[in-house]
Amino acid sequence: MNGWVKGGLALGGMAVGLGALKRTLNPRPRYAPWEKPRYEEFENKILIIGGGFGGYTAATKICEATRKREDVGVLVIARDNFFTFWPMVPGIVSSDVDTRNVAQPLRRALIMAGSSFRRAEVKGVDKERKVVIANDGLEFPYDQLIISLGGQPNFFGIPGVEEYSLTMKGVEDAERIRNRVIERFEEVSLIRGDVPESKLTFVVIGGGATGTEVASEIHNLVHHALAPDYPNIDPNRVRIFLLEGLPQILPELDPALQRAARARLHSERIDVRISTFAEEVTADSVRLKGGEEIESENVIWTAGARPNVTIRDLDLPIDERTGIKVDKHLRVEGHPGIWSIGDCAAIPDIRQENGKVVPPTAQAAIQEGYTVAKNVIKTIDGDGDLEEFEYRPLGQLVELGSDFAVNEVMGVRFSGLAAALFWRMAYLIRLNSPQSKIRVFADWVIGYMMQPAVTQIRGSSEETRRP
Ligand SMILES: Cc1cc2nc3c(=O)[nH]c(=O)nc-3n(C[C@H](O)[C@H](O)[C@H](O)COP(=O)(O)OP(=O)(O)OC[C@H]3O[C@@H](n4cnc5c(N)ncnc54)[C@H](O)[C@@H]3O)c2cc1C
């Protein structure tokens, strides 16, 4: 065989391989033509409000279980047409991952699974007529309704917090924090003379997983991304505080892992203050219980979360602090055909006897999504033997920079680089499409090889916060 023939065969093989790879990465939706019959025409209409961890899991599991059935239609309504992969949101601050890869396309993923999707903002439920009412008078009928509207920050009425701090409840918030840091660097680079301390001081309030990760990401943004671009600003002048009211940060973790995390934050020059309460936030300071003041124009609040306030408008039994009251089968008390899961639901934790509810985590919302999917189908089929929801915590993974994490997985505790690699692999495989996995993986590889290109899209930093 001469060289031309061999070259031609090699090229042909490559083209076939690339074609196969492209088909694998772009699978066709399960239903064709799309959305036929229309959702409204199905005998059993399952409406899911909220397309986050809980709602998305419930939708895909119901679609999987009813793939061959003609009588069950699923529709998801959500305020955004993307699915926020929360564990990766803090990584947006340092540009470790691109925002668009953390906000994964929800419509496409649901259509691929066999569900319909509408972007709409839920306003109420008319239980008599069995319709959900959304913005602009839109109405969506249901036979079974699953509510998974998530949570939002809780400011506990502390003066100035809501007004002056940035929150961390969305990809937009992570972008705002990054923009704020860049904004301060731009401002300071123009100042001739003394720079007020408050400009380059960042105070993260809340030493749980989110606050700890955010503090570390701000450090990475400053030292790895911004420092080379602002040669006149010594990055060591930037002060980062992490305030926690409890006697320890990351309270859910084992003490050895807490110490490992503290040591890491210390090496990043992050000033961790435990048993420290913020009593007031102003435009340029945080006043602590005891009277001390930290001068800062950059406060980030991660210290409290509560169920989405929209649940108040649904006229269902709620506990303001823990959410919509459901039984151990995830049914809303006194409302047959209505179910609730995720951060907006108060789900009894049957492992504990003291009336505690399941914690608001992504892993809980996913497990609840599985159970509610089974119970809704059983209800449609008249099978009264519903499954009890039992939360099985799998552990906690906290990433502090791309080369360090503290993990507790099914009782096994480990930290350092191996833990960071585990964190990345564990979450990479949970992303909802092959495209997202490849994009995030590419972000990480590029970030490892090259200094991140950080730009500030002006105007997005001070946008009004949404409920
Ligand atoms: C920064 C951050 C990092 C986190 N990291 C982790 C982690 O590493 N591990 C972990 O286990 N948990 C983590 N969590 C917690 C986890 O994200 C939540 O517990 C989980 O997302 C709850 O799922 P959900 O379905 O209840 O809500 P969400 O996933 O928040 O979804 C809520 C859905 O409701 C929609 N919605 C809200 N209001 C309306 C409305 N009025 N009308 C229509 N749609 C509406 C939203 O658009 C969204 O689709 C993190 C949380 C944050 C904030």
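Residues numbered from 1 in each chain as written. Predicted model: local features only at pLDDT ≥ 70, side-chain atom pairs only at ≥ 80, totals over all residues. Heavy atoms only, no water.

### Description of the domain arrangement of the protein chain
Selection criterion: Domain start and end points were adopted from an automatic or database domain assignment. Residue contacts are counted whenever heavy atoms from the two residues lie within 4.5 Å of one another. In short, buried area is how much 1.4 Å probe accessible area vanishes from two parts on joining, totalled over both. Should a side-chain nitrogen of Lys or Arg be within 4 Å of a carboxyl oxygen of Asp or Glu, the pair is scored as a salt bridge. Pairing of N or O atoms within 3.5 Å defines a polar contact, subject to two protein rules: one partner must be a possible hydrogen donor and the other a possible acceptor, and residues neighboring in sequence count only if both atoms are side-chain atoms. The numbering of helices and of strands both runs from the N terminus, where a helix is a DSSP run of H or I of at least 4 residues and a strand a run of E of at least 2. Each residue is assigned to one class: nonpolar for Ala, Val, Leu, Ile, Met, Phe, Trp, Tyr, Cys and Pro, charged for Asp, Glu, Lys and Arg, and polar for all the others, Gly among them.
Taken as a whole, the protein chain is organised into domain 1 (39-153 + 306-380), domain 2 (155-303) and domain 3 (395-450). Placing a centre on the C-alpha atoms of domain 1 and another on those of domain 2 gives a separation of 33 Å. Contacts between domain 1 and domain 2 engage 17 residues on the former and 18 residues on the latter. Summed over both partners, the interface of domain 1 with domain 2 comes to about 1,500 Å²; 69% of that surface belongs to carbon and sulfur atoms. Sorting the residues of domain 1 by area buried against domain 2 places Pro-90, Val-93 and Pro-153 first, and these three jointly supply 42% of that buried surface. Across the contact surface, domain 1 and domain 2 share 0 salt bridges. In this structure, the connection of domain 1 to domain 2 is made through 4 residue pairs in polar contact (both at pLDDT 80 or more). With 4 residues, helix H3 (residues 90-93) is the single largest residue contributor to the side of domain 1 that touches domain 2. Class assignment of the residues belonging to the side of domain 1 that touches domain 2 gives a composition of 10 nonpolar, 7 polar and no charged.

### Points about the packing of aromatic side chains
Stated formally: Aromatic rings from Phe, Tyr and Trp, with only the six-membered ring used for Trp, were paired whenever their centres fell within 6.5 Å, and each pair was classed as stacked if the ring planes differed by under 30 degrees, edge-to-face if by over 60, and tilted otherwise. Each ring is checked for a lysine NZ or an arginine CZ that lies within 6 Å of its centre and within 35 degrees of its normal; such an atom marks a charge sitting over the ring.
Taken as a whole, this structure holds 9 aromatic pairs when the rule is applied. Ring pairs connect the aromatic residues Phe-53, Tyr-56, Phe-83, Phe-85, Trp-423 and Tyr-427, which therefore count as one cluster. One residue, Lys-169, lies across the ring of Trp-86, its end atom 3.8 Å from the ring centre. Across the ring face of Phe-277, the terminal group of Lys-289 is positioned such that the distance to the ring centre comes to 5.5 Å.

### Focus on the pairing of strand E2 (residues 72-78)
Let me state the cut-off plainly: To sort residues, take the accessible area from a 1.4 Å probe on protein chains only and compare it with the maximum for the residue type: under 20% means buried, over 50% means exposed, and anything in between is partly exposed. Pairing between two strands is assigned when DSSP locates at least 2 bridges connecting them. Viewed with both strands pointing away, a crossover whose connecting path from the first strand over the helix to the second turns clockwise is right-handed.
Counting buried positions over the 7 residues of E2 gives 7, a clear majority of the element. Burial along E2 is two-sided: the residues Val-72, Val-74, Val-76 and Ala-78 and Gly-73, Leu-75 and Ile-77 are all buried. Note: strand E1 (residues 44-49) against E2, 6 bridges, orientation parallel. When the sheet's bridge partners are listed, Lys-45 is paired in E2 with Gly-73. Taken together, E1, helix H2 (residues 53-65) and E2 constitute a β-α-β crossover, and its handedness is right-handed. Of the strand pairs in this sheet, E2 and strand E5 (residues 116-119) are connected by 4 bridges, and their pairing is parallel. In the strand pairing of E5, Ala-78 is matched with Arg-119.

### Quick notes on a nonpolar patch on the surface
Put simply, the rule reads: By definition, no residue in a patch forms a salt bridge, and every one has over 30% relative accessible area; like charges are joined within 9 Å, nonpolar side chains (Val, Leu, Ile, Met, Phe, Trp, Tyr) within 5 Å. Using a 1.4 Å probe, the Shrake-Rupley method yields the accessible areas, and only the shown protein chains count as cover for residues.
Side chains of Met-425, Phe-441, Val-445, Ile-446, Tyr-448, Met-449 and Met-450 sit close together on the surface and give an oily, nonpolar patch of about 790 Å² of accessible area. Ranked by residues supplied to the nonpolar patch, first place goes to helix H12 (residues 434-449) with 5 residues. With respect to the helices, strands and loops of the structure, Ile-446 is situated in helix H12.

### Considering the sheet that holds strand E8 (residues 139-141)
This is how the line gets drawn: Whenever a helix is involved, its axis is fitted only over the stretch in contact; in every case the axis is a line through C-alpha atoms, and angles between N-to-C directions fall within 0 to 180 degrees.
Strand order across the open sheet formed by 3 strands is E6-E7-E8, with antiparallel pairing between neighbours. Looking at strand neighbours, the two that pair on one side only are strand E6 (122-126) and E8, the edges of this open sheet. When the angles between neighbouring strand axes are averaged without regard to direction, this sheet yields 25°.

### Observations concerning the packing of H2 against helix H10 (residues 362-380)
As a reminder of what qualifies: Whether a crossing is left-handed or right-handed is set by the direction in which the near helix is turned from the far one by less than a right angle, anticlockwise for left-handed and clockwise for right-handed.
Where H2 contacts H10, the axes come no closer than 7 Å and their chain directions differ by 35°. Considering how the two elements wind past one another, H2 and H10 form a crossing that is right-handed. The segment H2 lies against H10, with Phe-53, Gly-54, Thr-57, Ala-58, Lys-61, Ile-62 and Ala-65 engaging Ala-362, Ala-365, Ile-366, Gly-369, Tyr-370, Val-372, Ala-373 and Ile-377. For the contact of H2 with H10, the class distribution of residues is 11 nonpolar, 3 polar and 1 charged.

### Re the sheet that holds strand E18 (residues 298-301)
One open sheet accounts for 5 strands, arranged E11-E18-E12-E13-E14; its pairing is parallel. What marks the edges here is a single partner per strand, and that holds for strand E11 (165-166) and strand E14 (270-273). Sheet strands in contact with helix H8 (residues 209-226) are strand E12 (201-205), strand E13 (239-243), E14 and E18, and its direction is about 175° off that of E13.

### Digging into the pairing of strand E24 (residues 395-399)
The pairing of E24 with strand E25 (residues 405-409) spans 5 bridges and is antiparallel. Directly across from Leu-397, in E25, lies its bridge partner Asn-407.

### Quick notes on the site of the ligand
For clarity, the threshold we go by: To be near a molecule or strand, a residue needs just one of its heavy atoms within 4 Å of it.
Near the ligand, the surroundings consist of 29 residues, among which Gly-51, Gly-54, Val-122, Asn-308 and Asp-343 are the closest. Trp-86 places a side-chain nitrogen or oxygen 3.3 Å from an oxygen atom of the ligand. One of the side-chain N or O atoms of Asp-343 is found 2.8 Å from an oxygen atom in the ligand. Surface burial for the ligand is 90%, taken as the share of its 1,000 Å² of free accessible area covered by protein chains. Broken down by secondary-structure element, the contributors of at least two residues to the shell around the ligand are H2 and H10. A total of 3 residues in the shell around the ligand trace back to one element, the largest contributor, which is H10. Residue-level mapping places the shell around the ligand at the junction of two domains, with at least three residues from each of domain 1 (39-153 + 306-380) and domain 2 (155-303).

### Structural notes on unusual backbone geometry
At Lys-130, a residue that is not glycine, the phi angle is positive and equals roughly 55°. For Lys-130, the position within the fold is in the loop between E6 and strand E7 (131-134). Phi at Leu-250 takes a positive value of approximately 45°, unusual for a residue other than glycine. In this structure, Leu-250 sits in the loop between E13 and helix H9 (255-267).

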